[in-house]
Amino acid sequence: MTHRATFDAAFARCPLIAILRGLHPEEAVDVGEALVDAGFGLIEVPLNSPSPLKSIALLAQALAGRAMVGAGTVLDAQAVEDVAGAGGSLIISPNCDQGVIAEACRRELIAIPGIATPTEAFAALSAGAAALKLFPAESSSPAVVGAMLAVLPRGTRILPVGGIAPETMGPWLAKGAAGFGLGSALYRPGMTAAEAGANARGFQHALRQHSRIT
């Protein structure tokens with residue numbers, strides 16, 4: 001199965017990306033297992049975390065066949081190569097860098113660049129992005145998602161990232177958000193695997209509740 005097919009399947013099961021900023025390698029597998037047990041299948045380790053490539057390698061090996069693992073804060077083509085070498089398949093960025101997207105696509109990895117405007121959204125999709133990270137969501141709104149989706153190609157996946165909590169997901173979903181990237185409300189440095197797992201289950205419950213309403 002290609003990375004794109006694997007991503008599409010994982011996203012269909014759970015459209016939530018776990019952002020593990022500040023994760024240390026020695027806790028990576030325990031946290032990853034807790035998230036998978038809670039139903040998560042997409043895990044990101046930002047590259048400004050301690051020894052991120054080691055964490056990515058450990059997670060990719062331990063969770064093979066159960067979750068896709070990759071990196072966030074990917075800012076250049078060299079970083080894409082480094083993540084691929086560690087076994088990562090998700091390339092997530094805070095910005096829309098054509099070189100990063102192109103390198104990810106060349107390696108048949110999943111590019112999810114950050115966007116804030118329709119211009120960036122169209123450029124990212126043209127370059128081969130699999131989904132769009134609306135970042136920072138705190139400076140945007142559900143209405144912006146709805147307006148963008150009115151002009152973007154049908155099936156475009158927009159994922160708000162930044163400040164997302166279980167109780168704030170509903171308005172975004174109502175306007176067409178396909179999923180979310182989850183940061184400190186899911187995992188913070190120093191949090192135990194059990195705590196991260198409990199938070200993950202809380203997000204899953206909220207997603208199911210909001211999806212029934214919308």
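Caption draft 1: Up close: the sheet that holds strand β9 (residues 180-182). With respect to topology, 6 strands assemble into an open sheet ordered β5-β4-β3-β2-β1-β9, the strand pairing being parallel. Of all the strands in the sheet, just β5 (110-112) and β9 have a single pairing partner and so form its edges. Neighbour-to-neighbour, the strand axes of this sheet turn through a mean angle of 25°, independent of strand direction. As judged from the 3 bridges shared by strand β1 (residues 16-19) and β9, these two strands associate in the parallel manner. Bridge pairing links Leu 16 to Phe 180 in β9. Docked against the sheet, helix α3 (residues 52-62) engages β2 (42-46) and β3 (68-72), running at close to 160° with respect to β2.

Caption draft 2: How the structure looks around the pairing of β2. Counting buried positions along β2 yields 5 of 5 residues, so the element is predominantly enclosed. Across the two faces of β2 the burial is the same, with Leu 42, Glu 44 and Pro 46 and Ile 43 and Val 45 all buried. As defined by bridge partners, β1 adjoins β2 across 3 bridges and the pair is classed as parallel. Opposite Ile 19, over in β2, you have Glu 44 as the bridge partner. Pairing geometry for β2 and β3, over 5 bridges, is parallel. Looking at β3, one finds that Glu 44 is bridged to Gly 70. Viewed along the sheet, the connection from β2 through α3 into β3 turns out right-handed.

Caption draft 3: Seen up close, the pattern of salt bridges. If you walk through the whole model with that rule in mind, you get 6 salt bridges. Note that Arg 157 is salt-bridged to Asp 8, the shortest N-O span being 2.9 Å. Residue Arg 157 is found in the loop between α7 (142-149) and β8 (158-160), and its partner Asp 8 is found in helix α1 (residues 3-13); the two are separated by 149 residues along the sequence. Taking relative accessible area as the criterion, Arg 157 reaches 14% and is therefore assigned buried. Among the ionic pairs, Glu 81 bridges to Arg 107, the shortest N-O distance being 3.9 Å. Separated by 26 residues along the polypeptide, Glu 81 in helix α4 (residues 77-85) and Arg 107 in the loop between α5 (98-106) and β5 bring together distant segments of the chain. Taken together, the salt bridges that share partners define one network made up of Glu 81, Glu 103, Arg 106 and Arg 107.

Quick notes on the rules
- Residues numbered from 1 in each chain as written.
- Predicted model: local features only at pLDDT ≥ 70, side-chain atom pairs only at ≥ 80, totals over all residues.
- Heavy atoms only, no water.
- Pairing = 2+ DSSP bridges.
- Helix = DSSP H or I, 4+ residues; strand = E, 2+ residues; numbered from the N terminus.
- Axes fitted to C-alpha atoms, helices over the stretch in contact; angles between N-to-C directions.
- Contact = heavy atoms within 4.5 Å.
- Buried < 20%, exposed > 50% of the residue type's maximum accessible area, 1.4 Å probe, protein only.
- Right-handed = clockwise from strand over helix to strand, strands pointing away.
- Salt bridge = Lys/Arg side-chain N within 4 Å of Asp/Glu carboxyl O.

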